[in-house]
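Listed here are the chains, written in short residue letters.
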Amino acid sequence: MTAYDDQNIFAKILRGEIPSFKVYEDDDTMCFMDIMPRTDGHCLVIPKTPCRNVLDASDAQLAAVMATVKKVSNAAKAAFDAEGISLQQFNEAAGGQEVFHLHFHIHPRHSGVPMRPAGQMGDMDAIKGHAERISAQL
Ligand code: AMP
């Protein structure tokens, strides 16, 4: 398996080298908004320690990340009055992964409302407001 590269974008966010709209943080994990949101409230949960994805993550990293995924999912569901939550998680390029630091996508969902296409930059003011809405539920 390819080695972890500490120059990936999420490693830079963890080190504070590039900005993010932070939603939640504890000793082991962080959650911040996706800047190309496919749903309102689309956010990402990552471990603070390095691993590429599920395939090389330790059981402890996975346990910590999933606990935060559950916590933030419930907060996002409440913040957006959502009917459900979709989780996405990709492993290696062939699996759809683009940033090689383990992350889970959290998407608040409403019946009949499709996700937007990937790769479209969001409105930063709106994303900031969405982060605040989720944080307020935590
Ligand atoms: P993937 O690795 O396929 O799960 O996708 C990586 C995700 O990271 C995409 O949804 C991007 O929109 C998102 N992304 C890329 N750069 C940033 C950034 N600087 N801040 C927040 N999200 C980002």
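Please read all numbers here as calculations on a predicted model, not as lab measurements. What you see as residue numbers is a count from 1 along each chain, following the sequence as written. Only residues with pLDDT of at least 70 get local features here, since the model is predicted, and only at 80 or more are side-chain atom pairs given and counted; chain-wide, interface and lining totals rely on the full set of residues. Side-chain metrics rest on all non-hydrogen atoms present in the structure, leaving aside hydrogens and water.

Q: Can you tell me about helix H3 (residues 124-136), naming the residues and giving the values?
A: Numbering of helices and strands runs from the N terminus; a helix is a DSSP stretch of H or I covering at least four residues, while a strand is a stretch of E covering at least two. Expected helix span is given by 1.5 Å per residue-to-residue step, counting one fewer step than there are residues. In a regular helix each residue adds 1.5 Å, so 13 residues correspond to 18 Å; H3 covers 18 Å between its end C-alpha atoms and thus fits that length. Relative accessible area decides the class of each residue, using a 1.4 Å probe on protein chains only: under 20% of the type maximum gives buried, over 50% gives exposed, and in between gives partly exposed. The complete set of buried residues in H3 reads Ile-127, His-130, Ala-131 and Ile-134. The buried side chains of H3 occupy one side of the element, clustering within an arc of 105° when seen end-on. Exposed and oriented more than 90 degrees from the buried face of H3 are Asp-125 and Ala-136. Contacts: residue pairs with any heavy atoms within 4.5 Å of one another. In this fold, the buried residues of H3 make contact with strand S1 (22-25), strand S2 (29-33), strand S3 (43-47) and helix H2 (59-79). The opening residue of H3, the one whose side-chain oxygen lies 3.1 Å from the backbone nitrogen of Asp-125, is Asp-123. An arc is given here, and it is the one of the directions from the helix axis to the C-beta atoms. In protein, a polar contact means a hydrogen-donor-capable atom and an acceptor-capable atom, both N or O and within 3.5 Å, with residues adjacent in sequence counting only if both atoms are side-chain atoms; elsewhere, any N or O pair within 3.5 Å suffices.

Q: Which residues make up the sheet that holds S2, and what are the values?
A: Judged by pairing direction, the sheet is antiparallel, and its 5 strands sit side by side in the order S1-S2-S3-S5-S4 without closing on themselves. If you trace the sheet from one side to the other, it starts and ends with S1 and strand S4 (84-88), each paired once. In this sheet, neighbouring strand axes are inclined to one another by 20° on average, regardless of whether the strands run parallel or antiparallel. For two strands to be treated as a pair, DSSP must find at least two bridges joining them. As paired elements, S2 and S3 share 5 bridges and run antiparallel to each other. When the sheet's bridge partners are listed, Phe-32 is paired in S3 with Leu-44. Packing against the sheet, H2 makes contact with S1, S2, S3, S4 and strand S5 (104-109), and its axis sits at approximately 20° to S5. Sheet contacts for H3: S1, S2 and S3; angle to S1, the most-contacted strand, approximately 30°. Axis lines are fitted through C-alpha atoms, for helices just across the contact stretch, and the angle between N-to-C directions can take any value from 0 to 180 degrees.

Q: Could you give an account of the site of the ligand, naming the residues involved and the relevant values?
A: By nearness alone, 16 residues border the ligand, and Asp-34, Gly-96, Glu-98, His-103 and His-105 come closest of all. Backbone polar atom of Val-99 to an oxygen atom of the ligand: 2.9 Å apart, as the coordinates give it. One of the side-chain nitrogen or oxygen atoms of His-105 is found 2.6 Å away from an oxygen atom of the ligand. Computed with the Shrake-Rupley method and a 1.4 Å probe, the accessible areas treat only the protein chains shown as cover for residues. Expressed as a share of its isolated accessible area of 510 Å², the protein-covered part of the ligand is 88%. A molecule is said to occupy a pocket when more than half its atoms come within 2 Å of that pocket's grid points, and by this definition the ligand occupies the largest pocket. For the shell around the ligand, the secondary structure elements donating two or more residues are helix H1 (9-14) and S2. With 3 residues, the top contributor of residues to the shell around the ligand is H1. Proximity criterion: a residue is near a molecule or strand once any of its heavy atoms comes within 4 Å of it. A pocket, in this scheme, is an open set of points on a 1 Å grid over the protein atoms alone with protein on both sides within 12 Å along at least 5 of 7 lines, while a cavity is a set where a 1.4 Å probe fits but cannot get out; residues line either one if an atom lies within 4 Å of a point. Whether a molecule lies in a cavity or pocket depends on its atoms, and more than half of them have to be within 2 Å of the grid points.

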